[in-house]
Amino acid sequence: MSYHKILTIQDISCVGQCSLTVALPILSAAGQETCILPSAVLSTHTAGFSGYTVRDLTEDIPAITDHWEKEQIQFDAIYTGYLGSTEQIAYVRDIIRRLSAPGALAVVDPAMADNGKLYPAFDAAYVEAMKALAFSADIILPNITEACFLTGMEYREQYDESYIAELLDRLRAAGAKTVVLTGVGYRLGFTGVLVQEGDTRRYYEHRRIEPGSHGTGDVYAAAFVGALLNGKDPYEAAVIAADYTVKCIEATQGDPAHWYGVKFEAALPAYLKMLGK
Ligand code: PXL
């Protein structure tokens, strides 16, 4: 049976094709019952728009959690993305403890940074709280910047295989279980993903399309979780998510007005084919 009840916890950026507006349709298309917990409601995402509004929903979370527990609702997987506040991360850990079905999977995308920098809403205390969440999860999907914040390693734009190997070693030493490290490219025109499961590391390289697009990390993580819940192993799921994300970027090329996200909807049929549906 590949029909699972998944809870995804991330913000609603009303406009911007990221977080829940991406995860919910992708996971539903992947055939999964997708329950949501909005961490915050923003008028747009924070990467490129100015003057956006934010309503943090942290204080609603304890009552929602209590209600679900009273109703004996449990989830087969809990997948988190961009969270609204440091305090909220503790609530999310509590949800994972109280509402996971036996054998449930916790997948954490520590969505907090890119290109060497934290997103505007976050600070050092947020990073510390995210470490506790990430290192207790079954699978994490950091980009290189996020992996640096999680390990205290210096961020570099130019790097080689030994730098990436040290980053993965440090994640593992800190307690990370399966790691899907995104945005790892060793040669011009290519990027890829490195999957670490126990002692095994596998790299999948694919075309890099310039300029980079917003929201692709969220598209990638949702497609990864959807593939995983359809019985793919982490490496297979990482490859499918990469191929799908490339198709989303291709579908958006040639439309500079669409700088804020990718047209992930156009590539959903291809994603379903990759899942064997
Ligand atoms: O795509 C990650 C993301 C999600 N949600 C919000 C964001 C961002 C990235 O900037 O601002 C609100």
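The structure we're discussing is the one just above.
All of these numbers come straight from a predicted model, not from anything done at the bench.

**Quick look at the site of the ligand**
Logical step 1: In the region of the ligand, the neighbouring residues are Asp 11, Ser 13, Cys 18, Ser 19, Leu 42, His 45, Thr 46, Ala 47, Tyr 82, Tyr 119 and Asp 218.
Logical step 2: Within the side chain of Asp 11, a nitrogen or oxygen atom sits 2.7 Å from a nitrogen atom of the ligand.
Logical step 3: Taken by itself the ligand offers 320 Å² of open surface, and the protein chains cover 95% of this.
Logical step 4: Its residues assigned to classes, the shell around the ligand comprises 5 nonpolar, 4 polar and 2 charged.

**Description of the environment of Asp 109**
Logical step 1: Here Asp 109 lies in the loop between strand E5 (100-108) and strand E6 (113-114).
Logical step 2: Looking at Asp 109, the relative accessible area reads 5%, which means it is buried.

**Focus: the packing of helix H7 (residues 216-229) against helix H8 (residues 234-252)**
Logical step 1: Here H7 crosses H8 at 140°, and the two axes come no closer than 8 Å. As summarised for this structure, H7 and H8 are arranged oblique, according to the angle between their axes. Between H7 and H8 lies a crossing of right-handed hand. Contacts from Thr 216, Val 219, Tyr 220, Ala 223, Phe 224, Ala 227 and Leu 228 in H7 reach Pro 234, Ala 237, Ala 238, Ile 240, Ala 241, Ala 242, Tyr 244, Thr 245, Cys 248 and Ile 249 in H8.
Logical step 2: For the contact of H7 with H8, the residue count by class is 15 nonpolar, 2 polar and no charged.

**Details of the pairing of strand E9 (residues 178-182)**
Logical step 1: E9 sits mainly inside the fold: 5 of its 5 residues count as buried.
Logical step 2: In E9, alternate side chains face the same way, and those of Thr 178, Val 180 and Thr 182 on one face and Val 179 and Leu 181 on the other are all buried.
Logical step 3: Sheet topology places strand E8 (residues 139-140) next to E9; 2 bridges connect them, and they run parallel. What sits directly across from Ile 139, in E9, is Thr 178.
Logical step 4: Judged from the 4 bridges that link them, E9 and strand E10 (residues 190-197) form a sheet pairing that is antiparallel. Counted as the bridge partner of Thr 182 is Val 193 from E10.

**Digging into the sheet that holds E9**
Logical step 1: Strand order in the open sheet formed by 9 strands is E3-E2-E1-E4-E5-E8-E9-E10-E11, and the pairing between neighbours is mixed. The open sheet is flanked by strand E3 (54-56) and strand E11 (200-207), the only strands paired with a single partner.

**Structural notes on the nonpolar core**
Logical step 1: Within the largest apolar cluster, 46 residues are counted, with the highest numbers of intra-cluster contacts made by Leu 7, Met 130, Ile 140, Ile 164, Leu 171 and Leu 181.
Logical step 2: With 6 residues, the single largest contributor to this core is helix H4 (residues 124-134).
Logical step 3: Counting residues in hydrophobic clusters, the runner-up holds 43 residues, among them Ile 26, Ala 221, Phe 224 and Val 262.

Cut-off values and rules
Residues numbered from 1 in each chain as written. Predicted model: local features only at pLDDT ≥ 70, side-chain atom pairs only at ≥ 80, totals over all residues. Heavy atoms only, no water. Near = heavy atom within 4 Å. Polar contact = N/O pair within 3.5 Å; in protein donor to acceptor, adjacent residues only side chain to side chain. Areas by Shrake-Rupley, 256 points an atom, 1.4 Å probe, with all protein chains shown as cover. Nonpolar A, V, L, I, M, F, W, Y, C, P; charged D, E, K, R; others polar. Helix = DSSP H or I, 4+ residues; strand = E, 2+ residues; numbered from the N terminus. Buried < 20%, exposed > 50% of the residue type's maximum accessible area, 1.4 Å probe, protein only. Axes fitted to C-alpha atoms, helices over the stretch in contact; angles between N-to-C directions. Parallel < 35°, antiparallel > 145°, perpendicular 65-115°, else oblique. Left-handed = near helix turned anticlockwise from the far one by under 90°. Contact = heavy atoms within 4.5 Å. Pairing = 2+ DSSP bridges. Core = buried A, V, L, I, M, F, W, Y, C linked by side-chain atoms within 4.5 Å.

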